[in-house]
Each structure stands twice: as C-alpha cells, then as structure tokens.
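These are the residues of each chain, in order.
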Amino acid sequence: MPVTLQDRLAKGLAGVFPENERPRIGVAVSGGGDSMALLDLLRVAGTELAVVSVNHGLRAEAAEEIALVAEYCARFGIGHEVLAWGWDGRGSVQTAARDGRRALISDWAKRRGIGHVALGHTADDQAETVLMRLGRGSGVDGLAAMAPILARDGIVWLRPLLDVRRAELRDHLRQAGLVWADDPSNEDPAYDRIKARRALEVLAPLGVSVERLTRTAEHMARARAALDYAERQLVAEAVTFDAGDVVIALAAFDAAPEELRTRVVARALNWVSGQVYKPRFDALQVALASDKTTALHGCLVIRKAQTLRITREWAAVAGVRCDITAAWDGRWRLDGPGQAGLEIAALGEAGIAECPDWRTTGRPRVSVLASPAVWLGARLVAAPLAGRAEGWTARIRAGRADFF
Ligand SMILES: Nc1ncnc2c1ncn2[C@@H]1O[C@H](COP(=O)(O)OP(=O)(O)OP(=O)(O)O)[C@@H](O)[C@H]1O
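Quantities reported herein were computed from a predicted structural model and do not represent experimental measurements.

J.: Hey, could you run me through unusual backbone geometry in this one?
T.: Trans peptide bonds make up the majority, and among non-glycine residues the majority have a negative phi. Unusually for a residue other than glycine, H297 sits at a positive phi of about 60°. Along the chain, H297 turns up in the loop between β9 (294-296) and β10 (299-303). Since its relative accessible area comes to 15%, H297 is described here as buried. With a phi angle near 55°, D329 is a residue other than glycine that sits in the positive phi range. Looking at the element boundaries, D329 is found in the loop between β12 (321-323) and β13 (332-335).

Right under this line is the structure:
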C-alpha cells in the first residue's frame, strides 16, 4: 500500500500524545500553501483544532491571505483567530516579525489552554535551513536545524511535515480543490532562504538534494542528543552551584573533550547571566584557554588551581535595581523583615565596605560584589550573601534542576 500524506502526518505526530489522548491543538496558518495543507491534513485526520493567523501589517495582501484561512475555518466549523503584530522599527524586520509572531502565538495558545501548536515547515524548509547554516559555519546544533518537537515559550511547537516536500503539499491542495496564497516574498532573491533554494539547484550535480540535507539534519539531531547525554554526565561529575555561581572541578573537566567543555561553560554562562543567546564560540575558547580571569557574556570566568568559577560580573549588574518583591537580575529573590521603600541592588564597592565578614562566605571578592543586597536608598540594609544577613535570606532558581 502506498504511503499517503495522512500516514506521514501521523508519523510526524507519533509519540507526541499518549495513546488515548487527543487534545485540541493549535495550528498556525498564514494562508500559504504549506500551512493550508497542514490544516487540511490535520482536519481530515480528525484532530480537534484551533487556528491562528498573524497579520504582520507589512503587506497589503496579508488580509486577503488570512481571509482564505477564515473561509476555510468557517466552512468546516473550526475556530479561527487573527492576531495583529506591529513593528517597532527595531532590528531586522524579518527577525522581529518572526519573534513577534512566536510570542503572539504562544501567548494566544496559553490563553486558550492549548499546549501544542503545529507549524507547516516542510522538508524543503529544513534543507534550506541546513544549507544556510552551512554557509554560516554552524556546528552540530545549527545543522540539526528545526526540531520536529520543541518545547519553548511555555508551549510545545510541532512540525509534523518536516518529511514532506512542498510540492507534495501543493498537489494535495489542488486535489482537494483548495485555494492558498503564494507570498511574493517567497520569490525575492534578496532573502537568504530564496538564495538557498536556488543554491540547491546549483548544487544538484554534486548530489546535494532536499532528501540528503534533511538526512544530515536528522543525523545532527542524533549527534546533538548524544552530546547532551555526555554533557549531563560531565555536569553531574564536575559542576556544583555556590550562591548563584557555577563551580567546575577541573580534575573531571580537563579530562573531557573540548566540545563538551565549551558546551558546559556556555551553559553555565547562560545560566548565570540569564541570557538566551549563546556566547560566541571564539570568545569562549579564549576564556577557556586563559589562566587569568576573563570577562565574558556578562560573567567572569575565574580560574583557580582546582576550579573554574563562573560568576556574575559586577559591571553587568551595577545599574540593576528593583523593588524588594521583584526578581533581581531575573533570578534572585530576597526574603526578610520587609519595610516600605526597600530595593534590591548589587552589593558593589560601597556595600562590601560595610560587610567586614564577607570573607566568611569563602567566595571571591568579585563574586560577593555582584551579589544581591537590600538597600534603602543609598543605605545598605542587609547583604545575605556577604555575611551580613540581618534576618534576610537569598533564594535563587534551583541550580541543577534548570541548568539544562
Ligand atoms: N502570518 C502567519 N500566521 C500564522 N502562522 C504563520 C504565519 N507565517 C508563518 N506561519 C507559520 O509558520 C510556518 C513557517 O512559516 P514560513 O513563513 O517560514 O513558511 P512558509 O513557507 O511561508 O509557510 P506557509 O506557506 O504556510 O506560509 C508556516 O507554515 C505557518 O505554520
């Protein structure tokens, strides 16, 4: 029996939900061919759906394209919502639109109690992504390209059509007598994605194809899973958490391969700084090779005889101030005898001068300087991580639990 698109969709969704559970899922549909086909395939499969479209307000035709989605949903009695996005003029418009769409859709899903949202990315998108990333010199993570299942922004994103060719979805739409919109920017050679599409044709004599590049992505995803596994073992062996710092025991660390060492330190830098973007690889290599303290990614990497300590850089938090009830630097909460007007700010030079016992913490001075303290205006009230608690305690997100 031939394998149908329905079978391949089912394969793309295999294992996402427990056997007898078929919750309502969200589908992000632009009115383009890929997501319209995804919508139709999911509906025919009997999935309970809620559909969302985002109007980026960038092209006059967007409203008409979304009207196609609305018509489809009305015809089949499926709930459909349109969310509007506006550009604040910052950064690249494409990146801002994509990030904005992601945030709007995930918020929408959470509001509606929807845990999963399906996207219409195809094998062609995946292959183009691999090629673009090759062009940027990406490593294993980048070449693993788009994940079929990804928990992010508080929901799970699904890409059940990553194995299906764009042309097959167009055929499906034609056979089903459905209309879709072709976004004219999908032909604009100014975009990297379109350049990648053309490059694929040029590289065909070398044997490069969508099938082979998607296979590369799958292979890289497996390699990444193996690296994750090894990284967790190294963390279990070598990493401890000390008042918001990450401390790496060099005995176990130095014996590990370079790829694992850089991954662990990159993760530690993100955990301490709260940044989501990874530190630059070359800067990371410099920091790891140095026997001195290095500033990187809003942190200090401090090498001692037996340990590598990653601590918050005081300069990066010197201006960070918040109300006593808020999370300071995105990760610290302070509890104690409250009074009006208290704020949290870094201890800093002014504060440490008033904490004669800071050495009892056993932590380096630079780490203590960047620790959260309670202030009333310019007066230091308490410094729970610098030996001057005054009834205050400092809490941080769980260490090992959310390191990964
Ligand atoms: N404006 C939008 N509103 C809702 N979902 C969208 C929108 N744009 C993209 N998506 C979702 O993200 C997926 C990938 O979008 P992208 O623009 O990269 O691909 P595309 O090839 O243009 O897809 P499509 O043909 O479905 O628009 C789409 O398949 C769809 O699920």
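J.: Teacher, can you tell me more about the packing of helix α2 (residues 33-44) against helix α7 (residues 166-175) here?
T.: Two packed helices can be described by the angle between their axes and the distance between those axes. Two numbers describe how α2 lies on α7: the axes approach to 9 Å, and their chain directions differ by 60°. Considering their axes alone, α2 and α7 lie oblique with respect to each other. Handedness of the crossing formed by α2 with α7: left-handed. Between α2 and α7, the residues in contact are G33, D34, M36, A37, D40 and L41 and R166, L169, R170, H172 and L173, respectively. Classifying every residue of the contact of α2 with α7 gives five nonpolar, two polar and four charged.

J.: What is the right way to read the UniProt feature "binding site: ATP" (unreviewed entry) in the protein chain from this model?
T.: When the UniProt feature table is mapped to this numbering, "binding site: ATP" (unreviewed entry) covers S30, G31, G32, G33, D34 and S35. Relative to the helices and strands, G33 is located in helix α2. Residue contacts for G33: discarding those within four places in its chain leaves R170, L173, W180 and A181. Excluding anything up to four places from it in sequence, D34 contacts G120, T122, D125, L161, R166, L169 and R170.

Rules used in this analysis
- Residues numbered from 1 in each chain as written.
- Predicted model: local features only at pLDDT ≥ 70, side-chain atom pairs only at ≥ 80, totals over all residues.
- Heavy atoms only, no water.
- Helix = DSSP H or I, 4+ residues; strand = E, 2+ residues; numbered from the N terminus.
- Buried < 20%, exposed > 50% of the residue type's maximum accessible area, 1.4 Å probe, protein only.
- Axes fitted to C-alpha atoms, helices over the stretch in contact; angles between N-to-C directions.
- Parallel < 35°, antiparallel > 145°, perpendicular 65-115°, else oblique.
- Left-handed = near helix turned anticlockwise from the far one by under 90°.
- Contact = heavy atoms within 4.5 Å.
- Nonpolar A, V, L, I, M, F, W, Y, C, P; charged D, E, K, R; others polar.
- UniProt positions renumbered as here; feature names shortened; annotations may be inferred.

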